[in-house]
Amino acid sequence: MSLKIYHTPFTRSIRVVWTLEELGLPYELVHQKMDRAYFKTPEWRKINPVGKVPVFFDGEERLIESVAVTHYLAEKYGEGKLARRPADPDYGQFLQWLHFGEAGMGGYAGMLIGQTRILPEEQRLEPMKQWAIAECKNCCDFIETSLEGRDYILGEDFSLADISLGYILYLISLSGEQDRILSARTKLYLKRLTEREGWKKATARAG
Ligand SMILES: N[C@@H](CCC(=O)N[C@@H](CS)C(=O)NCC(=O)O)C(=O)O
């Protein structure tokens, strides 16, 4: 096993580092600073053809989709820890939340962070920002009601679904608009996730 992750602070690559830490797997970390101009160059596109992070290697095998990498790690090297199998009663819920964190929410959270942090102010569009806030809130309201009586999204046990959701909630919290989007239970959930040893180790090592 030879695992290598290219990581940029505050990005989705933290999902991969967090999973590696939760599973206790050895890995090489390559720091890559956020440089959107560099990400468009042929040099970076040789490493990631779509010009983004994360980029993960298991030997020669390259993967560039953060949630897929977390699932790959749990199944291939973690004996299924943090994942669920078809015979498990919460298998469907596991898959739904695992993908909701990126497929369901990633686009809206990306639009939100673009309209609040990434784009220069003169390029921001207020209606786009309001749209992003409304859609993020719509998704987070579903998380809020689903967390009733639960510490984690599937119940008592932490899983990859929490890593998927946790990053996107963290990204929303960086927007400055979190009080319009996150309700009380979801805020506590995010706090609980970022108090885990795995998150602390990941962010201490990776930034
Ligand atoms: N669905 C992909 C999204 C990857 C992605 O959008 N990465 C962002 C950082 S979180 C990026 O590299 N942005 C740089 C850019 O678009 O120039 C994943 O989850 O890995």
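See the structure printed just above.
Residues numbered from 1 in each chain as written. Predicted model: local features only at pLDDT ≥ 70, side-chain atom pairs only at ≥ 80, totals over all residues. Heavy atoms only, no water.

Participant: Looking at this structure, how should I read the site of the ligand?
Facilitator: Around the ligand, the surrounding shell consists of T11, R12, R15, R36, F39, K52, V53, P54, I64, E65, S66 and E102. V53 is positioned such that a nitrogen or oxygen atom in its backbone is 2.8 Å from a nitrogen atom of the ligand. Side-chain polar atom of E102 to a nitrogen atom of the ligand: 3.0 Å apart, as the coordinates give it. For the ligand, whose unbound accessible area comes to 510 Å², protein coverage reaches 84%. Here the shell around the ligand is composed, by residue class, of 4 nonpolar, 2 polar and 6 charged. (Near = heavy atom within 4 Å. Polar contact = N/O pair within 3.5 Å; in protein donor to acceptor, adjacent residues only side chain to side chain. Areas by Shrake-Rupley, 256 points an atom, 1.4 Å probe, with all protein chains shown as cover. Nonpolar A, V, L, I, M, F, W, Y, C, P; charged D, E, K, R; others polar.)

Participant: Please explain the sheet that holds strand 4 (residues 61-63) as it appears in this structure.
Facilitator: Within a sheet, adjacent strands bond to each other through the backbone by hydrogen bonds, running parallel or antiparallel. Strand order across the open sheet formed by 4 strands is 2-1-3-4, with mixed pairing between neighbours. Each edge of the open sheet is held by one strand with a lone partner, namely strand 2 (28-31) and strand 4. With direction set aside, neighbouring strand axes in the sheet form an average angle of 20 degrees. As defined by bridge partners, strand 3 (residues 55-58) adjoins strand 4 across 3 bridges and the pair is classed as antiparallel. For F56, the partnering residue across the bridge sits in strand 4 and is L63. Running at roughly 20 degrees to strand 3, helix 4 (residues 66-77) makes contact with strand 1 (3-7), strand 3 and strand 4 of the sheet. (Pairing = 2+ DSSP bridges. Helix = DSSP H or I, 4+ residues; strand = E, 2+ residues; numbered from the N terminus. Axes fitted to C-alpha atoms, helices over the stretch in contact; angles between N-to-C directions. Contact = heavy atoms within 4.5 Å.)

Participant: Where do I start with the pattern of salt bridges in this structure?
Facilitator: Two side chains with opposite charge may pair up if their charged atoms get near one another. What the rule picks out here adds up to 14 salt bridges. For R12, the salt bridge identified is with E102, shortest N-O distance 3.0 Å. Of this pair, R12 sits in the loop between strand 1 and helix 1 (13-23) while E102 sits in helix 5 (residues 91-104), placing them 90 residues apart in sequence. A relative accessible area of 18% means that E102 is categorised as buried. The closest approach of N and O atoms between D151 and R192, which form a salt bridge, is 3.9 Å. Here D151 is found in the loop between helix 7 (126-146) and helix 8 (160-173), whereas its partner R192 is found in helix 10 (residues 184-194), with 41 residues between them in sequence. A relative accessible area of 40% means that D151 is categorised as partly exposed. (Salt bridge = Lys/Arg side-chain N within 4 Å of Asp/Glu carboxyl O. Buried < 20%, exposed > 50% of the residue type's maximum accessible area, 1.4 Å probe, protein only.)

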